[in-house]
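Structural overview
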Amino acid sequence: MKIMMVCLGNICRSPLAEGILQDKVKRRGLDWEIASSGTSGYHVGQLPDSRSMDIAERHGIDLSGQRSQRFVPGFFNEYDFILAMDTQNYEDLLSMCSSDKERNQVQLMMDYGEDPTVKDVPDPYYGGSDGFAEVYDLLDEATEGFLQAMILARD
Ligand code: 4NP
């Protein structure tokens, strides 16, 4: 299974989503490949935001091997699931699709969360560290939901 996490800058939310899901699959001994990218190229080549690195580290997750990359349409072929952090990312990804198969690969991360009214992982970039704690909790919940859904579908 190959999963691509996508946000706008690929420095705050999707690097955390990548790190958290990678940690969960490793703990369960699953051989999945998780990656992340951004719909913009604003931060290509950069490390994740220090606030994402800090909150991840507090949960024993190391994001220091990650570098921001821009989403390219070739990822539709390379990955099984493309998980969008918010509805704007979702719309931007859908606009790059060229088939129904590709459109079905694109899903909202929070559709795997517990509260069906929550659609977006809020963009924490311009806020304080509380925003990153909220992002961490939402992603912890939704990546767990995604993992359980995949395991149920497989069994
Ligand atoms: P991300 O957060 O999409 O979660 O990585 C952002 C990072 C940078 C910007 C916006 C959001 N920016 O405008 O530079």
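Residues numbered from 1 in each chain as written. Predicted model: local features only at pLDDT ≥ 70, side-chain atom pairs only at ≥ 80, totals over all residues. Heavy atoms only, no water.

In space, the 4 strands of this open sheet follow the order S2-S1-S3-S4, with parallel pairing throughout. Strands at the two margins of the open sheet, each flanked by one partner only, are strand S2 (33-38) and strand S4 (106-108). Neighbour to neighbour, the strand axes of the sheet diverge by 30 degrees on average, direction disregarded. Pairing analysis gives 6 bridges linking strand S1 (residues 2-7) to S2, with the strands arranged parallel. Among the inter-strand pairings, Cys7 is bridged to a residue of S2, identified as Gly38. (Pairing = 2+ DSSP bridges. Helix = DSSP H or I, 4+ residues; strand = E, 2+ residues; numbered from the N terminus. Axes fitted to C-alpha atoms, helices over the stretch in contact; angles between N-to-C directions.)

Around the ligand sit Cys7, Leu8, Gly9, Asn10, Ile11, Cys12, Arg13, Tyr42, His43, Asp123, Tyr125 and Tyr126, and that is every residue in its neighbourhood. Cys12 places a main-chain nitrogen or oxygen 2.9 Å from an oxygen atom of the ligand. Out of a free accessible area of 360 Å², the ligand has 92% covered by protein chains. Of the residues that constitute the shell around the ligand, the class distribution is 7 nonpolar, 3 polar and 2 charged. (Near = heavy atom within 4 Å. Polar contact = N/O pair within 3.5 Å; in protein donor to acceptor, adjacent residues only side chain to side chain. Areas by Shrake-Rupley, 256 points an atom, 1.4 Å probe, with all protein chains shown as cover. Nonpolar A, V, L, I, M, F, W, Y, C, P; charged D, E, K, R; others polar.)

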